[in-house]
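Residues per chain are reported as follows:
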Amino acid sequence: MATFFTLHGRFRLIDLVWQLSTDVVAAAAPDPTTGSTRWQPVMNVLGRLPYFGVDEGNERWPTFLSKELAQDLLDTPVFEGGRARVADLRTCCPAGPGAKLGLMLLFNLPRTPTQRQAIPLMRSLLESASGPGGWAHGNPSELELHDIQFMLCELQKFLTFNARNSLRYYRCGAPAPSALPRRRELESLEEALLLFGPGARAVSAEELLQLHGCWQGLPAQAAGPSEGLRSGDRVRLREAGGARLLALGSGRQLRPAASTAEAVAVVLERSGGPGLARPGDEVFLRAPDGTHLAARALAGGRCVVDAPLASGRYCAERAWRLQAAAGAAAGGGSGASGTAEQALGLQPCRGELAGGTLQFSRDGRLACAPPAPRGGGQPVVLEADLRGHEALERVRHEVWEALQEGLRTGRLVQDAEGALALGDAGGVRRRLVGAAG
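The rules behind the values
Residues numbered from 1 in each chain as written. Predicted model: local features only at pLDDT ≥ 70, side-chain atom pairs only at ≥ 80, totals over all residues. Heavy atoms only, no water. Helix = DSSP H or I, 4+ residues; strand = E, 2+ residues; numbered from the N terminus. Buried < 20%, exposed > 50% of the residue type's maximum accessible area, 1.4 Å probe, protein only. Contact = heavy atoms within 4.5 Å. Pairing = 2+ DSSP bridges. Axes fitted to C-alpha atoms, helices over the stretch in contact; angles between N-to-C directions. Left-handed = near helix turned anticlockwise from the far one by under 90°. Core = buried A, V, L, I, M, F, W, Y, C linked by side-chain atoms within 4.5 Å.

*Asks:* Got a minute to help me understand the overall build of the protein in this structure?
*Replies:* Per the secondary structure count, the protein includes 11 helices and 16 strands. Residues classed as buried in the protein amount to 43% of the 437 residues present. Sequence-distant contacts, at least 24 apart, represent 59% of the contacts inside the protein between residues at least 6 apart.

Structure, rendered in structure tokens:
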């Protein structure tokens, strides 16, 4: 017997959705008197299906999947006149699992609310958006109840006291860079130029390599030598001018690494978005599982830097301020590009440790205090994580060779100013959309 959890069962469920299509269209029909439509009747129809609704007492309530499908239908001809003519967008919306958890955390509820309980709570939040201290990002009358549902779902991912839902880390690209076959590298360069080329502005070979690398999830160094650390780079934490590196040990706390291989690599994320990391920038340090490193004060000027599992994505208490580390060069004297780079140290942005410099104290423990005098502690600085550097060089070489092949064969065309264009833009477009010929 096939259940709805199997692939065959899921196709059966899709068939059931299609069988309801006539009823869905009828439920979305405009009111003959007012001409307005409502989306609750559409969700009620979808809620008859398994996983699209739930029994609460003697009533059937639509749930998350009904809401998701109905949201898509709102912007189709099923709803005559579109969203502008839907009368109940501010009064009706099922709560998904994330929104229910958000309500529990916001209202300190002891158990998960039912749909009957959740919808009135979401309505109260929507009403409060128009009051004092309410919605400050536009006209609150333009908000829908679905906006509240969505924000509750996102809110619970950010709250630091949310122990029920640990942060999930979605990676883009492979952790270890690897080259594609030459033919595919050239195709991906063509596709990057078509998809991300900025229209009227010319794109140079260097810019195309950067666009391509970002699209493929490659480290920034794959586009060529870097002038310094950038947002998105993998970095290690090292003692300035020394050999000591930091690892993420038991209790998820930073400690001196026993070996280079044990050193933890974290992702540098600028609050200001992509770009070169400079002194004064506010940044976050993302651990391999997606959590952010933060400093906590201990007695005697000591501190602990850890990455707790409880969700706290980009919360202000985990932000760091980059500072120039006097007398220290990144990587013990040279950067990723082989040239001298200014080393970047770390200061907590907020809390009782704000303004202190993360450093190794004389006894080898971590401290967060004003810059140490000569002969005192050594600051902790960031350096590019170049493990797998040989693989990265191979990727860089293959992509560059693919670019040169494109220029030789006419698949890429370069004018006298160095601007690139596609030799057959129509063919690349057809390949992307899967069209024949």
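Picking up after the structure, the text goes on.
*Asks:* Where do I start with the pairing of strand β12 (residues 357-360) in this structure?
*Replies:* Along any regular strand the residues' side chains alternate between the sheet's two faces. Here β12 shows no split at all, with T357 and Q359 on one side and L358 and F360 on the other all buried. Taken together, the 4 bridges between β12 and strand β13 (residues 366-369) define a ladder with antiparallel strand orientation. Paired with T357 across the strands is A369, a residue of β13. Hairpin connection of β12 to β13: 5 residues between the antiparallel strands, including G364 at a positive phi of 85 degrees.

*Asks:* Quick question: what am I supposed to make of the packing of helix α5 (residues 97-107) against helix α6 (residues 115-128) here?
*Replies:* Packed helix pairs are specified by the crossing angle of their axes together with the interaxial distance, meaning the distance between the axes. Where α5 meets α6, the closest approach of the two axes is 11 Å, and the angle between their N-to-C directions is 65 degrees. For the element pair α5 and α6, the recorded crossing hand is left-handed. Facing α5, whose interface residues are K100, L103, L106 and F107, α6 presents Q115, A118, L121, M122, S124 and L125.

*Asks:* Help me understand the environment of L186, please; the structure alone is not making it clear to me.
*Replies:* If you trace the backbone, L186 turns up in helix α8 (residues 182-196). We classify L186 as buried; its relative accessible area is 1%. Separated by 214 residues in the primary sequence, L186 and W400 have C-alpha atoms spaced 9.4 Å apart.

*Asks:* What is the right way to read the nonpolar core from this model?
*Replies:* It is characteristic of soluble globular proteins that their nonpolar side chains tend to be buried jointly. Ranked by size, the top nonpolar core spans 35 residues in total, and within it W39, V42, F79, M122 and L152 carry the most contacts. At 5 residues, the largest contribution of residues to this core is made by α6. With near-sequence residues (within four places) excluded, M122 lies in contact with C93, P94, A95, L103, L145, I148, Q149 and L152. Counting residues in hydrophobic clusters, the runner-up holds 29 residues, among them L254, V264, A307 and L322.

Limitation: the analysis is restricted to geometry and does not speak to function.
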